[in-house]
Every structure is written in structure tokens, then in C-alpha cells.
Amino acid sequence: HMYQLELVWNREFNYVSYGKPSDDIEKLKRLGSTMLNSGNGESVKKCQIIDLNTGEVVVKNHEIHY
């Protein structure tokens, strides 16, 4: 399966794809965590990881390691 990290930027309301799809969920979690902690002006509100085959959310925002 291939997975995709999706982010909601600070001033936005919808998830958008970020980075390249990967088959490594842990790698995407680390990227999501980095983005949540980046703390620059364009910070990230939320992130999730979806399964590109099914469109299902496989890792919810609260499950991303901070």
C-alpha cells in the first residue's frame, strides 16, 4: 500500500497532500510531526495519513508523534 501525508495549513480548512507518497507509515508520521512542530509563520494545524488505494484515513492527527 502507498500512503500520503495530508496537512491543514494554519489559515486553511482543508487537507492538502504534502510530500511524496510512501509505503513507510512511520516515515510519514515523522514528517507530519516535524511539520506540526516547525513553528514558522505558516504553521500546520493538523495532519493525517491516508491510504491512497482506499482513500481511508489510516493515521489520525492525534496519532502523529509530537
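None of the values given here were measured: they were computed from a predicted structure. (Residues numbered from 1 in each chain as written. Predicted model: local features only at pLDDT ≥ 70, side-chain atom pairs only at ≥ 80, totals over all residues. Heavy atoms only, no water.)

Things to note about the overall build of the chain
- Looking only at helices and strands, the chain has one helix and four strands in total.
- If you list the helices and strands of the chain from N to C, you get β-β-α-β-β.
- For 66 residues, the compact-globule estimate of 2.2 N^0.38 gives 11 Å, and the chain sits close to it at 11 Å.
- Taken over the C-alpha atoms alone, the chain extends approximately 35 × 20 × 20 Å along its principal axes.
- Positive and negative side-chain charges in the chain, numbering 8 and 9 respectively, have mean positions lying 5 Å apart. (Helix = DSSP H or I, 4+ residues; strand = E, 2+ residues; numbered from the N terminus. Rg over C-alpha atoms; globule rule 2.2 N^0.38 Å. Lys, Arg positive; Asp, Glu negative; His and termini not counted. Charge placed at Lys NZ, Arg CZ, Asp CG, Glu CD.)

Looking at the pattern of salt bridges
- This structure, assessed with the given rule, holds one salt bridge.
- A salt bridge links glutamate 26 to lysine 29, with the shortest nitrogen-to-oxygen separation between them at 3.6 Å. Of this pair, glutamate 26 and lysine 29 both sit in helix 1 (residues 25–36), separated by three residues, roughly a single helical turn.
- On the basis of relative accessibility, which here comes to 13%, the residue lysine 29 falls in the buried class. (Salt bridge = Lys/Arg side-chain N within 4 Å of Asp/Glu carboxyl O. Buried < 20%, exposed > 50% of the residue type's maximum accessible area, 1.4 Å probe, protein only.)

Some details on the sheet that holds strand 3 (residues 44–51)
- On the basis of which strands lie adjacent, the open sheet formed by four strands has the order 2-1-3-4 and antiparallel pairing. A single partner strand is all that each edge strand has here, and the edge strands are strand 2 (16–22) and strand 4 (57–59). Between one strand axis and the next, the sheet turns by 35 degrees as a mean value, whatever way the strands run. (Pairing = 2+ DSSP bridges. Axes fitted to C-alpha atoms, helices over the stretch in contact; angles between N-to-C directions.)

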